[in-house]
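Each chain is listed here by its residues.
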Amino acid sequence: MSATPASGTRPARRTHFEARLNYYSAQNVPLLLSLGILLGLILIYFLLFAVRQHRLPGNFELSTTLNNTMTVGLTAIGQALVVFTGGIDLSVGGIVDVTNSLAAVLMRNNPGSMLGVSLLVILVGAGAGLINGLFVTYGRLQPIIVTIATLTIWQGVALLILPQPGGAIPPPVTAILAGNIAPLAGLPSSVVILVLLLLLWQALRRTGFVVTLYAIGNDERAAHANGAPVNLARIGAYTLGGAFSGAAGLYLAAVATSGDATTGSQLTLTSIAAVVLGGISLFGGRGSVVGALAGACILTLLLNVLFFAGVNPQLQEFFQGLFLILAVVISTLIRRLLQSGRQVGGGSL
Amino acid sequence: MTSIEGVAISKSFGGVRALNHTSFAADAGEVHALVGENGAGKSTMIKILSGILRPDSGTIRVQGRETTLDSPQVALRLGIGTIFQELTLMPYMTVAENLLIGREPRSGGLISHSGLDMKAHELLDEAGISGIEPLELVANLSLSQRQIVEIIKVVSRRPRILFMDEPTSALAEQEVAWLFGLVRKLREQGTCIVFTSHRWNEIKDIADRITIFRNGENVGTYTAADLSEQEAVERMTGRKLEMLYPEPITLEDPAPILHVEGLSAPALHGISLTVHQGEVLGVGGLAGQGQRELFLTLFGVRHARSGTIQIGGKAVRINNPRDAIRHGLALIPEDRKTEGLLLPLPVRQNLTLPILGRLARSGFIRRQQETDLVQAMIQELAVRTPTSDQPVGALSGGNQQKVLIGRWLLTRSRVLLLYDITRGVDVATKHDIYELIRRLCQEGHAILFYSTDTEEMAHLCHRVLVMREGKIIDELHGPNIAPEAIVAASLHVAAEVTIDASTQVSSSEVSSS
């Protein structure tokens, strides 16, 4: 008698292998698609580079590309954590502006100051995120409204801190964060940071915290009923997201060797674009930080490709937008195609 | 010994009193049925006793100790497990992640994915479920499979008090038998089990005691053996009901309205059927044998690969729901909350949504005409709503269902596809809906009918088609189709295709009885 319900649930009687395949495709198709786009862009980039420069890109190109990626990448990670919960963080650009300005104004060329200010800047980012999280969670306000307000607030604060582009980042900070590591054959330090971020994510995604973020994005009410610490996790997502934006502000200053209270603002939209290109659902509950990083790489590489393709710089943004919409449309189509072939029992109105 | 007790609990939602100084208590080692009409306060009581809602006033005692259950976490810690009517599964997480949420196996402090997989396999095996893969996304499961996953999730936490809010509404008979086996085992182990159901034979089958709620008040607690259905229904509704199922209308050489020939689609193989004017044609069988796909394909939500559809003798092509609506088809689905109604919008707009074009003159809606139509429909269907401007979400489940039916009547649909429309609807409203179906037949509608409640299907339908694996394998003719005949026809074939020895034994038991 014990096994009878099995026949009533027959549509899912699939082999273990099929289920595994289903699982990986459903979970990872968007991620694989974005990695595919990235790979394609890398190939095009190499090709164009070789044609124009009569050599292959080397360490210098790797380093500048990754350095440019890293700022977007850090904000995209922060954005992704919030998007997992079904929320969105528009204040990313404002937080980057504030932390960027702070770092440029405060940092002095001595180890204590460099370390201290770096930590402070990340903490300020986390604090800004915390404020977002508290308003969204306890104020029961729409994330889009809260963060659009804090975006302009932080933009204003940044201009108070650093009215004119300026300040100076001590050379050692730039060397450590955006330079090359001599003992490792001149490997760009951004590669090391990227690897560390990926490792950090591998650990994070196996914590109850991140599982709860996904659960909230799936169905907040259900997450609550399952005893998940919904409020705490959501506040955590915004706080950690803010910390990543703070880190991005620091990194931006390190690459530029000085501060600017306005360059960060565009990162709000770029971080969202990176998240979308990375196959993360804006409805929440699905996606991976690996995708967010891939999305950031795609956006930087695209600029390089447009440059080497000789596109009029004034049309750059036009093509960026065109690419974004094409990429999203194509990957959605592919995903639907795969799904319609896969789904037998499902299908809803 | 009393396991859990709510004393003089009151709870209001925006001025509507759901519970009014209501008390309820259940003992260890008993199965306690909580019954009443929709809106009687059963779900509210369960939500309060499992920490989801906080009462406005009243006392809660767990194992004799006064407690404030201010969050689900507290309730879980106290050994209270709850299977909610609205399931608490995460669609885009796997079965394994869902089963073990909040208590994932870890290695070195981090969640172990292989451990998740293994542990989930263990839980499913232990429960005797073999058709669900731990790695499957919940989004890909059928409703009954989700219900099973939810049950296993909650039961495997080994609660000392188990609440189940309509656990069987999404389950087929076999699965109900499985659940009741589980419940009996828990009862022997001394678990206190409280459940709600609208199916009397299930309540009779498993409950030791029955508590009846009416309009937010506890009418009384009875030993199950001492209470007849008649008495129970009278106390639930406060009025006497005549025979629950109205007789199907007599058909005299009716004209065919919907004629389907050789319809194939994913999970459907060569379906042919004819529904006549005034006829209720049932589509039975075990859950998940293609009934859902048939309804969705006819309505154009899913695409047919081959086959022809004729309506009123004319061949039609249905590529999407717009086509279906244009040709006079209407689908009323099981999940009215997500698949039909716009809950925050008023009754009025929900009713007239598909016919706005007809109501408008040069783009503007003629308000008076809309009001007349809406009022007439509310009256005709006896929708219990204060005004037509009430948000549909504030109505009880049965009344929501009536609004959905009313919407399609306004589109002048001739063929109604009724998919499990009485799921989770209380007895009195069910009765209204049955009467409505009969009236629709008299008016000449053709009805294709699916229900998880076999008894209902047997009583309401002129004929019942039995489906298995996307094919029609049997046809039963009324009047007086026996529910057992439908079950037997469904199972008979299941026994041939399932190698599982235990299944064969149980199905032969059914067919020989």
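Please read these numbers as outputs of a predicted model, since none were measured by experiment. (Residues numbered from 1 in each chain as written. Chains lettered and ligands numbered in written order. Predicted model: local features only at pLDDT ≥ 70, side-chain atom pairs only at ≥ 80, totals over all residues.)

Digging into the sheet that holds strand E15 (residues 280-284) of chain B
Residue and element names in this part refer to chain B. Pairing is mixed across the open sheet formed by 6 strands, whose spatial order is E18-E21-E22-E15-E23-E24. Every other strand in the sheet has two partners, leaving strand E18 (329-332) and strand E24 (471-477) as the edge strands with one partner each. Averaged over all adjacent pairs, the angle separating strand axes in this sheet is 20°, with direction ignored. Summarising the sheet, strand E23 (residues 463-468) and E24 pair through 6 bridges and their orientation is antiparallel. From the neighbouring strand, leucine 465 faces E24, where its bridge partner is glutamate 475. (Pairing = 2+ DSSP bridges. Helix = DSSP H or I, 4+ residues; strand = E, 2+ residues; numbered from the N terminus. Axes fitted to C-alpha atoms, helices over the stretch in contact; angles between N-to-C directions.)

Details of the domain arrangement of chain B
All names here are of chain B. For chain B, the assigned domains are domain 1 (2-237), domain 2 (256-328 + 413-512) and domain 3 (341-412). The gap between the C-alpha centroids of domain 2 and domain 3 is 27 Å. Taken together, the contacts link 12 residues of domain 2 with 10 residues of domain 3. Ranked by residues supplied to the side of domain 2 that touches domain 3, first place goes to helix H16 (residues 427-442) with 4 residues. Of the residues assigned to the side of domain 2 that touches domain 3, the class counts are 6 nonpolar, 4 polar and 2 charged. (Domains from an automatic or database assignment. Contact = placed C-beta atoms within 7 Å. Nonpolar A, V, L, I, M, F, W, Y, C, P; charged D, E, K, R; others polar.)

Description of the sheet that holds strand E9 (residues 161-165) of chain B
Residue and element names in this part refer to chain B. Here 6 strands make up an open sheet; going across it, the order is E6-E9-E10-E3-E11-E12 and the pairing mixed. Taken across any chain shown, the strands that pair with only one partner, and hence form the sheet edges, are strand E6 (80-83) and strand E12 (217-223). Taking the axes of each pair of neighbouring strands and ignoring which way they run, one obtains an average angle of 15° across the sheet.

A closer look at unusual backbone geometry
Residues and elements named next belong to chain B. The phi torsion at histidine 21 lies on the positive side, around 50°, for a residue other than glycine. Within the secondary structure layout, histidine 21 lies in strand E2 (residues 16-27). A count of 14 C-beta atoms within 10 Å places histidine 21 in the partly exposed class. Notably, alanine 267 is not glycine yet its phi reads approximately 70°, a positive angle. (Buried ≥ 20, exposed ≤ 12 C-beta atoms within 10 Å, placed from the backbone.)

Let's talk about the nonpolar core
The biggest cluster of nonpolar side chains holds 172 residues, and the ones touching the most others in it are Ile77, Ala80, Ala292, Leu293 and Ile298 of chain A together with Ile152 of chain B. Built from parts of two domains, this core gets at least three residues from each of domain 1 (2-237) and domain 2 (256-328 + 413-512) of chain B. Those residues in contact with isoleucine 298 of chain A that lie beyond four places of it in its chain are Ile37, Leu38, Leu41 and Leu277 of chain A. Formed by 71 residues, the second largest nonpolar core is a distinct cluster that contains Leu281, Ala330, Val374 and Met467 of chain B. (Core = buried A, V, L, I, M, F, W, Y, C linked by C-beta atoms within 7 Å.)

Focus: the packing of helix H3 (residues 59-84) of chain A against helix H13 (residues 289-308) of chain A
Residue and element names in this part refer to chain A. At their nearest, the axes of H3 and H13 sit 8 Å apart, and the two run at 145° to each other. For H3 against H13, the interelement crossing comes out right-handed. Residue-level contacts link Thr65, Asn68, Thr69, Val72, Gly73, Ala76, Ile77, Gln79 and Ala80 of H3 to Val289, Ala292, Leu293, Gly295, Ala296, Cys297, Leu299, Thr300, Leu301 and Asn304 of H13. Broken down by class, the residue content of the contact of H3 with H13 amounts to 11 nonpolar, 8 polar and no charged. (Left-handed = near helix turned anticlockwise from the far one by under 90°.)

Section: helix H8 (residues 229-237) of chain B
Residue and element names in this part refer to chain B. Every buried residue of H8 is accounted for by Ala232, Val233 and Met236. For H8, the angular spread of buried residues about the axis comes to 95°, placing them on one side. Facing away from the buried side of H8 by more than 90 degrees, the exposed set consists of Gln230 and Glu231. Residues of H8 that are buried make contact with strand E3 (31-35), helix H7 (200-206), strand E11 (209-214) and H16. (Arc of directions from axis to C-beta.)

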